[in-house]
Amino acid sequence: MIPNAPNFHQRQPILDHVRHTLNFYQPRAIDPDGGFFHFLKDDGSVFDRHTRHLVSSTRYVFVWAMAARHFPDTPEYLDNARRAVEFLRHVHRNPATGGYAWQLHWENGQAKVLDASNHCYGLAFVLLAYAHALLAGISEARAWLDETFELMEQHFWQAEYGLYADEASADWQLLPYRGQNANMHATEACLAAFEATGEQRFLDRAELVATGIVQRQASLTDGLMIWEHYKSDWSVDWDYNRNDMSNIFRPWGYQPGHFTEWAKLLLILERHRPLPWLLPKAEALFERAFKHAWDDEFGGLYYGFGPDFTICDERKYHWVQCESMATAAVLGARTGKAVYWDWYDKLWAYSWQHWVDHQHGAWFRLLSRDNRNTTDEKSPAGKVDYHTTGACYEILATLKD
């Protein structure tokens, strides 16, 4: 039974929903051998006790650090944040290379590296994790934040393009693939690092990367949309993963969820550095996402569409809906335009009906076009409701009540 939707223009219902989401993970996701379980079914049961993925490990830091700040009456959340930081720092990190293992096998307190490749996407989330740990009062994260940024500078930053490369081998040899996704999350991480430290260099980097992707790289397509994949010279690669729908970090096609996520980041950047191009570009990205990817029949945003605007992946992903919801609230608060609050209300109504698991907590991960739950894996590698709780916190920042 789906309860009536509360008024999501008020703060308390948002906080209650975050708490409901956190209760899915607390305490069942805690691994007594260290860290947290990364693979949970819809009912919260663990279906893989041993695989640890860097994206989940870093996002757990975010989830618990933000919870500690918003719910200071629950000290377990800060304990969880410290536990997540400990695992990230002392299990994922290779002290010999400075890199962080992409994937591990963890059993009886011992780690075996399954994938030692280095990803800028992963390091961006390491930087984000340490920034949020610092904001939550974990002071030792400050030095690790600086160290991670310097690691990204040394191994991934390409000054001639003003962007980050994407992937390197375990011994830091760069691979030719370039992608916007790692740069988007690097922008997010640098904004968080600036908010945690007040150091302008992080804000400078966020601005430079955002300009590189949203202005220059977007101009290689139509100027109003952002393609995902590029070659080593940052020319567009139209064919990368064209026939592979399984790669959750590098999907083919335009990603409307990334349009709206970029729009949100541009407005966060604008709060600190009010450049005149940021708001118009944010509005254009939001408009394009909904123009080409909103499903008028079943509701929600499709996952992806091709250069000819035909839908190439009609599935619905949780993160696309909640990121777009947060962006609608941020745009609504920034502009005062009713159209954004209308989309905000529509997305909440849709998500409350189809995405929120009112029985067990948290959001489902993946639905069919007609909103059927197609997997009982609520939180496999990378989810941990980072997007859903993060969207709620961004919404809270816009609400006056």
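You'll find the structure just up there.
Description of the structure in this document. Sequence order as written defines residue numbering, which begins from 1 separately in each chain. The model is predicted, so local features are restricted to residues of pLDDT at least 70 and side-chain atom pairs to those at 80 or more, both for listing and for counting; the totals for chains, interfaces and linings are taken over all residues. Side-chain numbers here rest on the full set of heavy atoms in the structure, without hydrogens or water.

## A closer look at the overall build of the protein
Secondary structure is summarised from DSSP: a helix means a run of H or I of at least four residues, a strand means a run of E of at least two, and numbering begins at the N terminus for each. Scanning the protein from N- to C-terminus turns up 12 helices and 16 strands. C-alpha atoms define the radius of gyration in this analysis, and the globule rule sets the expected value at 2.2 Å times the number of residues to the power 0.38. A compact globule built from 401 residues should have a C-alpha radius of gyration of about 21 Å, and the protein, at 20 Å, falls within 12% of that. Taken along its principal axes, the extent of the C-alpha atoms in the protein is 50 × 50 × 40 Å. Type-normalised accessible area, obtained with a 1.4 Å probe on protein chains alone, sets the label of each residue: buried when under 20%, exposed when over 50%, and partly exposed for intermediate values. When burial is assessed residue by residue, the protein has 62% of its 401 residues classed as buried.

## Quick word on the packing of aromatic side chains
Working definition: a ring pair exists when centres of Phe, Tyr or Trp rings (six-membered ring for Trp) sit within 6.5 Å. Plane angles under 30 degrees give stacked, over 60 give edge-to-face, the rest tilted. Under the defined criterion, the tally for this structure stands at 39 aromatic pairs. Ring plane angle 85° and centroid distance 6.2 Å describe the contact between tyrosine 303 and tryptophan 319, whose orientation is recorded as edge-to-face. Taken together, the residues span a long stretch of sequence, with tyrosine 303 in the loop between helix H9 (278-293) and strand S12 (304-305) and tryptophan 319 in helix H10 (residues 318-335) at a distance of 16 residues. Each of the two residues, tyrosine 303 as well as tryptophan 319, counts as buried. Here the aromatic cluster, defined as three or more aromatic residues joined through ring pairs, consists of Phe24, Tyr25, Phe36, Tyr60, Trp64, Phe71 and Tyr77. Between the NZ or CZ atom of lysine 41 and the centre of the ring of phenylalanine 47, over which it lies, the distance is 5.1 Å. The ring of tryptophan 157 carries the charged tip of arginine 205 above its face, separated from the ring centre by 3.6 Å. Either the NZ atom of lysine or the CZ atom of arginine qualifies as a charge over a ring when it sits within 6 Å of the ring centre and within 35 degrees of the ring normal.

## So, the side chain of aspartate 237
Its place among the elements puts aspartate 237 in the loop between strand S11 (229-230) and helix H8 (256-272). Lysine 231 provides the closest opposite charge to the buried, salt-bridge-free aspartate 237, at an N-O distance of 5.4 Å. Counted as a polar contact is a pair of N or O atoms within 3.5 Å, where, for protein atoms, one must be capable of donating a hydrogen and the other of accepting one, and residues adjacent in sequence contribute only when both atoms are in side chains. From its side chain, aspartate 237 meets the backbone nitrogen of aspartate 239 in a polar contact 3.2 Å long. Contact between two residues is taken to exist if any of their heavy atoms lie within 4.5 Å; hydrogens are not considered. Not counting residues up to four positions away in its chain, the partners in contact with aspartate 237 are Trp227, His229, Tyr230 and Lys231. Asp and Glu count as negative and Lys and Arg as positive, but His and the ends of the chain are not part of the count. Whenever Lys or Arg places a side-chain nitrogen within 4 Å of a carboxyl oxygen from Asp or Glu, that contact is recorded as a salt bridge.

## A closer look at the sheet that holds strand S5 (residues 110-115)
Each pair of strands is called paired provided DSSP finds at least two bridges between the two strands. On the basis of which strands lie adjacent, the open sheet formed by 3 strands has the order S3-S4-S5 and antiparallel pairing. Looking at which strands have only one partner, the edges of the open sheet turn out to be strand S3 (51-53) and S5. Averaged over all pairs of adjacent strands, the angle between their axes in this sheet comes to 30°, without regard to strand direction. In this sheet, strand S4 (residues 103-107) lies alongside S3 in antiparallel orientation, the contact comprising 3 bridges. Looking at the pairing, threonine 51 lines up with histidine 105 of S4. Between N-to-C directions, angles span 0 to 180 degrees; the directions come from axes that are lines fitted to C-alpha atoms, helices contributing only their stretch in contact. Across the face of the sheet, helix H3 (residues 75-92) comes into contact with S3, S4 and S5 while running at roughly 105° to S4.

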